[in-house]
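Chains, contacts and geometry: an overview
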Amino acid sequence: MAQQIVELTCPGCGARVTTSQTECEWCHAPVIISTFNSVYSMPMPEVNKYAGTYRKALAENPDNTELNNSLAMCYLKLKLYDKALPAFESAMEDNFDNSETFFYAAICLLKGKKAFVQQRPTIDKIIEYINAATMIEPRGIYYYFLAYVKYDYFARKHLNVPPNYKEVLSQANQLGYSPLDVEQLFAILGVEKPDCI
């Protein structure tokens, strides 16, 4: 299904732009935020402006995958996990080829808390989303996050659920990830990185 082009106001300068543009022709700010890297280093006031622009556009186009995904990335940066999750889930409905949507939805389920304190159904849903992400695009950081969940929830509770965190971490290492990926992951999670991973 082709995505409908939506007209909106550029959060950077207020010019009229459309979702078909990658950046504003006037201020060169991104129009659509397709990856978390786009908002990771943005100052919070700017992220709030983007979120406001996307909320306004979604009022008239509630099923727009790009807008839902962009709004979810903003909410995630703002650590508004309860708002980010439904936006990611809306973006998933018609777009099964964006692995990051599933990955970040899984992160939102932790709500800024350790995997250890979550209920088992939440952990199962996280694993389901991570598995979906890795089926779309097997990335090392996805397996690294799964290794963290396997360690913090299963290993720390002495639950033997294969594959164990060491096996998943080995997959992550084979696929590769950067120290920045790990730093960014734990910044988003809002928890301290365990020494063993």
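Higher on the page you've got the structure.
These numbers were taken from a predicted model, which means no experiment stands behind them.

Right, let's talk about the overall build of the chain for a bit. When its secondary structure is counted, the chain shows 9 helices and 2 strands. Secondary structure elements in the chain, listed N-terminal to C-terminal, are β-β-α-α-α-α-α-α-α-α-α. In terms of C-alpha radius of gyration, the chain reaches 17 Å, essentially the compact-globule figure of 16 Å for 197 residues. Considered along the principal axes of its C-alpha atoms, the chain spans approximately 55 × 30 × 30 Å. Buried residues in the chain amount to 49% of all 197 residues. Within the chain, residue pairs in contact and separated by at least 24 positions form 57% of the contacts whose partners lie at least 6 positions apart. Carbon and sulfur atoms make up 51% of the accessible area of the chain, which amounts to about 9900 Å² in all. Between the centroid of the 18 positive side chains of the chain and the centroid of its 22 negative side chains there is a distance of 9 Å.

Taken as a whole and judged by the stated rule, the model has 7 salt bridges. The partner of Arg 139 in a salt bridge is Glu 100, and the shortest N-O contact between them spans 3.1 Å. Of the two residues, Arg 139 is situated in the loop between α6 (120–136) and α7 (140–155) and Glu 100 in helix α5 (residues 99–109); the sequence distance between them amounts to 39 residues. In this structure, the salt-bridge partner of Arg 156 is Asp 152, at a minimum N-O distance of 2.8 Å. Residue Asp 152 is classed as buried on the basis of its relative accessible area of 1%. Among the ionic contacts, a cluster of salt bridges with common partners joins Glu 100, Glu 137 and Arg 139.

Moving on: the packing of α6 against α7. Between α6 and α7, whose axes approach to 10 Å, the crossing angle comes to 160 degrees. What the angle tells us is that α6 and α7 run roughly antiparallel. The handedness of the crossing between α6 and α7 is left-handed. In this structure, α6 uses Arg 120, Ile 123, Ile 126, Ile 127, Ile 130, Asn 131, Ala 133 and Thr 134 to contact α7, whose residues at the interface are Tyr 142, Tyr 143, Phe 145, Leu 146, Val 149, Tyr 153 and Phe 154. A per-class count over the contact of α6 with α7 returns 12 nonpolar, 2 polar and 1 charged.

Looking now at unusual backbone geometry. Residues Pro 162 and Pro 163 are joined by a peptide bond in cis, for which omega reads -10 degrees. Here Pro 163 is to be found in the loop between α7 and α8 (165–175). Despite not being glycine, Lys 111 shows a phi value in the positive range, around 55 degrees. Among the secondary structure elements, Lys 111 is positioned in the loop between α5 and α6. Since its relative accessible area comes to 43%, Lys 111 is described here as partly exposed. One non-glycine residue, His 158, lies in the positive phi region at around 60 degrees.

Another point: the environment of Lys 166. As for its placement among the helices and strands, Lys 166 is situated in helix α8. Given the relative accessible area of 56%, Lys 166 is considered exposed.

In this model helix α3 (residues 65–77) runs 18 Å from its N-terminal to its C-terminal C-alpha over 13 residues, within 8% of the 18 Å that 1.5 Å per residue would give. Within α3, 12 of the 13 residues are buried, leaving the element largely enclosed by the surrounding structure. Where α3 is concerned, the buried positions are Thr 65, Leu 67, Asn 68, Asn 69, Ser 70, Leu 71, Ala 72, Met 73, Cys 74, Tyr 75, Leu 76 and Lys 77. Elements in contact with the buried residues of α3: β1 (7–9), α1 (37–40), α2 (44–60), α4 (81–93), α5 and α9 (179–189). A side-chain oxygen of the first residue of α3 lies 3.1 Å from the backbone nitrogen of Glu 66; this N-cap is Asn 64. Directly after α3, the chain includes Lys 79, whose backbone phi takes a positive value near 60 degrees.

What counts, and at which threshold
- Each residue is numbered by its place in its chain's sequence as written, counting from 1.
- Two thresholds apply to this predicted model, a pLDDT of at least 70 for residue-level local features and 80 or more for giving and counting side-chain atom pairs, whereas whole-chain, interface and lining totals are computed over all residues.
- Hydrogens and water are ignored here; the side-chain numbers use all heavy atoms of the structure.
- A run of H or I in DSSP becomes a helix once it reaches four residues, and a run of E becomes a strand once it reaches two; helices and strands are each numbered from the N terminus.
- Taken over C-alpha atoms, the radius of gyration is set against a globule rule of 2.2 Å times the number of residues to the power 0.38.
- For every residue, the accessible area (1.4 Å probe, protein chains only) is compared with the maximum for its type, and the residue is labelled buried under 20%, exposed over 50%, or partly exposed between those bounds.
- Contacts between residues were defined by any pair of non-hydrogen atoms, one from each residue, lying within 4.5 Å.
- Exposure was quantified through the Shrake-Rupley algorithm and a 1.4 Å probe, taking into account, for residues, occlusion by the shown protein chains and nothing else.
- We treat Lys and Arg as the positive residues and Asp and Glu as the negative residues; His and chain ends play no part in the count.
- Lysine's charge is taken at NZ, arginine's at CZ, aspartate's at CG and glutamate's at CD.
- Here a salt bridge means any side-chain nitrogen of Lys or Arg lying within 4 Å of a carboxyl oxygen belonging to Asp or Glu.
- Comment: axis = line fitted to C-alpha atoms, over the contacting stretch for helices; angle = value between 0 and 180 degrees taken between N-to-C directions.
- Just so you know how the angles are binned, under 35 degrees is roughly parallel, over 145 roughly antiparallel, 65 to 115 roughly perpendicular, and the rest oblique.
- Left-handed describes a crossing in which the near helix is turned anticlockwise from the far one by less than a right angle; the clockwise case is right-handed.
- Put simply, Ala, Val, Leu, Ile, Met, Phe, Trp, Tyr, Cys and Pro go in the nonpolar bin, Asp, Glu, Lys and Arg in the charged bin, and everything else, Gly too, in the polar bin.
- Multiplying 1.5 Å by the residue count of a helix minus one yields the expected span of that helix.
- In protein, a polar contact means a hydrogen-donor-capable atom and an acceptor-capable atom, both N or O and within 3.5 Å, with residues adjacent in sequence counting only if both atoms are side-chain atoms; elsewhere, any N or O pair within 3.5 Å suffices.

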